[in-house]
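# Structural overview
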Amino acid sequence: MNEVEDKAPREGPWAAASFDGPPISMSDHNSYNTPFRILSTGIDSVDRQVVILHWSDGKESAVHSLMLRDQCSCRGCRHEESLERTLDQIAYQIDIAPRDVTILPNGELCVIWTVDGHVSIFKPGWLRARSGLENVAPERPQNFWGQELGERLRRFPYADIVADDCVMLDWLETIRSVGLVYVTGAPNASGSLGDLINRIGVIRKTNFGVIFDVEPVVGTNSNAYTADELPLHVDLPTREYQPGYQFLHCLSNDARGGVSVYGDGFFLAERLRSEDPDAFDILSTTPIQHRYHDKGCDYVYNIPLIVLRSTGEVAEIRYNPALMNGFDVPVAEARPAYVAYRKFVALTREPANQVEVLMTVGEIACMDNRRILHGRRAFEPSTGRRHLQGAYLEHEEVSSRILTLRRNIPVD
Ligand code: OGA
Ligand code: ZN
Ligand code: ZN
């Protein structure tokens, strides 16, 4: 790090600036709590656009003037009610640099800019988050799992979720990181799944409805609405935007059979990547045609079974044997594609990769539908009723609720 002109906290720095009106504190719905303080700040002596911060936990961070000026949240730069930017992002010079940086008595960073003396104020927690020091939500699950999840599958009592925001937050963060959790003790009432999902965000409606019934029907338009075994799969890979989460609420399960089965699609993909890189390569680059159609709709979407991010990480799994409508490849590539496909299918069938759970009344299975495969063993309707209700919800609804819940819960 280059030499820094350190400034310790001092009073009223804006008094010297050509600024009309008092500076207002950073306006943001998030309180950006942090246990750490900025001990001192300064301007990098080599690059005068870089502001250096020294923190009470011994860390140092650097933030660029273009980022700070752009993110100014004063009333001249953001609408005071919507908090959205009103600042013209190319109106100030690309060379903009601080004339002065100081720490206010309340611990916030105050920057007075060259040229117009504009004043910007930033909360320490915001600066920590934006420099990657804390409050960074993991975008990606940390642990993949096989059969062993069966023993440590987390179950959250419905009553606790609705009564306690800390439990709600823990539940949602677990859905996001593990990809599969259960809720227990949910009301045994048709449609009540919607009440729980409404506490999170906006439900995803599909051609199957808002809340759909999963039980055998005559003249069915889905294998799900039979008593047959459903091999592991994700729902609706036929859509451009595959639903982020699926919730299945058990209203009765008195029939013989019908055990639920789950597998971690990311775990399977990573196993394939290490055991058979060529098969992984084929399945992550060769589009499959996925198709669902009934009397009133015809959804077709071409995309590989393993969808990768630009970093090479697995982003989502598109595997549903009932809706797999063939590889979209020249004839010469068909055989290797099907060979690779069979390897993935075989992985889904290994008992070590499967978790089995017999759902009981009042339970809700919550799963990440872009990662976790789900299915069920066949059941015998003549022995009793098996009735689930399902619904979909996007990832962004869960992420948004996590962030709004965290606003009021102190950081560790
Ligand atoms: C579904 C499904 C599983 C079950 O409706 O998408 O996979 O246990 N159901 O009936
Ligand atoms: Zn401003
Ligand atoms: Zn399904």
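Counting starts from 1 at the beginning of each chain's written sequence and moves along it residue by residue. For this description, chains carry letters from A and ligands carry numbers from 1, given in the order in which they are written. With the structure being a predicted model, the display of local features is reserved for residues of pLDDT at least 70 and the display and counting of side-chain atom pairs for 80 or more, all residues being used for whole-chain, interface and lining totals. Excluded from the side-chain calculation are hydrogens and water; included are all heavy atoms of the structure.

## Thoughts on the overall build of the protein
Elements are defined by DSSP. Helices are runs of H or I of four residues or more, strands are runs of E of two residues or more, and each kind is numbered from the N terminus. A count of helical and extended segments in the protein gives 10 helices and 24 strands. The C-alpha extent of the protein, read off along each of the three principal axes, is 85 × 55 × 40 Å. Any residue under 20% of the maximum accessible area for its type is buried, any over 50% is exposed, and the rest in between are partly exposed; the area is computed with a 1.4 Å probe on protein chains only. Going through the 412 residues of the protein one by one, you find that 50% of them count as buried. Residue pairs in contact within the protein that sit at least 24 positions apart in sequence constitute 74% of those at least 6 positions apart. With an accessible surface of roughly 19400 Å², the protein has 50% of that area assigned to carbon and sulfur atoms. Two residues qualify as a contact provided that any one of their heavy atoms is within 4.5 Å of a heavy atom in the partner residue. Each accessible area is a Shrake-Rupley estimate made with a 1.4 Å probe; only the visible protein chains count as cover when residues are assessed.

## Some points on the packing of helix 7 (residues 265–275) against helix 9 (residues 334–349)
All axes are obtained by fitting lines to C-alpha atoms, using only the stretch in contact for helices, and the reported angles, taken between N-to-C directions, cover 0 to 180 degrees. It is the contact of helix 7 with helix 9, at a shortest axis distance of 10 Å, that shows an interaxial angle of 125°. Judged by the angle between their axes, helix 7 and helix 9 are oblique. Considering only the axes of helix 7 and helix 9, their crossing is right-handed. On helix 9, the residues touching Leu268, Ala269, Arg271, Leu272 and Glu275 of helix 7 are Lys343, Phe344, Leu347 and Thr348. Per-class residue counts for the contact of helix 7 with helix 9 are five nonpolar, one polar and three charged. Angles are sorted into four bins: roughly parallel if under 35 degrees, roughly antiparallel if over 145, roughly perpendicular if 65 to 115, and oblique for all others. We call a crossing left-handed when the near helix sits turned anticlockwise from the far one by less than a right angle, and right-handed when that turn is clockwise. All residues other than Ala, Val, Leu, Ile, Met, Phe, Trp, Tyr, Cys, Pro, Asp, Glu, Lys and Arg, Gly among them, are scored as polar; the first ten of these are nonpolar and the last four charged.

## Considering the coordination of the zinc ion (ligand 2)
Surrounding the zinc ion (ligand 2) are the protein donor atoms Cys72 (SG), Cys74 (SG), Cys77 (SG) and His118 (NE2), which sit 2.1 to 2.3 Å from the metal. The site at the zinc ion (ligand 2) holds four donor atoms, and with the angles between them running 99 to 115°, its shape is tetrahedral. Coordination shells were defined by N, O and S atoms within 2.8 Å of each metal, extended to 3.2 Å for Na, K and Ca; water is absent from the atom set, which can make sites look incomplete. One chain supplies every donor for the zinc ion (ligand 2), spaced along it as C-x1-C-x2-C-x40-H. Just as cysteine 72 is buried, cysteine 77 falls in that class too. Every angle between 85 and 135 degrees makes a four-donor site tetrahedral, while opposite donors more than 155 degrees apart, with all other angles between 65 and 115, make a four-donor site square planar and a six-donor site octahedral; other sites are irregular.

## Brief notes about the site of ligand 1
Near residues are defined by distance, with any heavy atom within 4 Å of the molecule or strand qualifying the residue. Every residue near ligand 1 is listed here: Val214, Ala224, Leu230, His233, Asp235, Gln246, Leu248, His374, Arg376, Arg386 and Leu388. Counting of polar contacts relies on pairs of N or O atoms within 3.5 Å, with two restrictions inside protein: one atom must be capable of donating a hydrogen and the other of accepting it, and residues adjacent in sequence are counted only when both atoms are side-chain atoms. Between an oxygen atom of ligand 1 and a side-chain N or O atom of arginine 376, the distance comes to 2.7 Å. Contact between ligand 1 and arginine 386: an oxygen atom at 2.7 Å from a side-chain N or O atom of the residue. Taken by itself ligand 1 offers 290 Å² of open surface, and the protein chains cover 96% of this. Listed by contribution, the elements that provide at least two residues to the shell around ligand 1 are strand 11 (230–233), strand 12 (245–253), strand 22 (372–376) and strand 24 (386–393).

## Things to note about the side chain of glutamate 363
With respect to the helices and strands, the residue glutamate 363 is situated in the loop between strand 20 (355–357) and strand 21 (364–368). A polar contact of 2.8 Å, which involves the side chain of glutamate 363, links it to the backbone nitrogen of threonine 360. With residues up to four places along the chain from it excluded, the contact list for glutamate 363 reads Arg155, Tyr182, Val183, Thr184, Leu248, His249, Cys250 and Leu358.

## Some thoughts on the confidence of the model for the protein
Taken as a whole, the protein shows an average pLDDT of 92; of its residues, 92% reach a score of 70 or greater. Taken together, the stretch residues 5–21 has pLDDT below 50 and engages in 38 contacts with residues farther than four places along the chain or on a different chain. pLDDT is defined as a per-residue confidence score from the predictor, taking values between 0 and 100.

## Quick look at the pattern of salt bridges
Any Lys or Arg side-chain nitrogen found within 4 Å of a carboxyl oxygen on Asp or Glu counts as a salt bridge. Under the criterion given, the structure shown has 23 salt bridges. A salt bridge links glutamate 229 to arginine 377; the shortest N-O distance between them is 3.5 Å. Taken together, the residues span a long stretch of sequence, with glutamate 229 in the loop between strand 10 (212–214) and strand 11 and arginine 377 in the loop between strand 22 and strand 23 (379–380) at a distance of 148 residues. Take glutamate 229: its relative accessible area is 43%, and that puts it in the partly exposed class. In this structure, glutamate 316 and arginine 370 form a salt bridge, with 3.7 Å as the shortest nitrogen-oxygen distance. Of this pair, glutamate 316 sits in strand 18 (residues 314–317) while arginine 370 sits in the loop between strand 21 and strand 22, and the two are 54 residues apart along the sequence. Classification of arginine 370 by relative accessible area gives buried; the value is 10%. Several salt bridges converge on common partners, so that one network encompasses Arg204, Glu316, Arg318, Arg370 and Glu394.

## Quick notes on the sheet that holds strand 14 (residues 260–264)
Pairing within the open sheet is antiparallel, and its four strands lie in the order 11-22-14-20. Each end of this open sheet is capped by a strand with a single partner; those strands are strand 11 and strand 20. Direction aside, neighbouring strands of the sheet carry axes that sit 20° apart on average. Here, a strand pair is defined by DSSP locating no fewer than two bridges between the strands. Across five bridges, strand 14 lies against strand 22 in antiparallel orientation. Looking at strand 22, one finds that glycine 263 is bridged to leucine 373.

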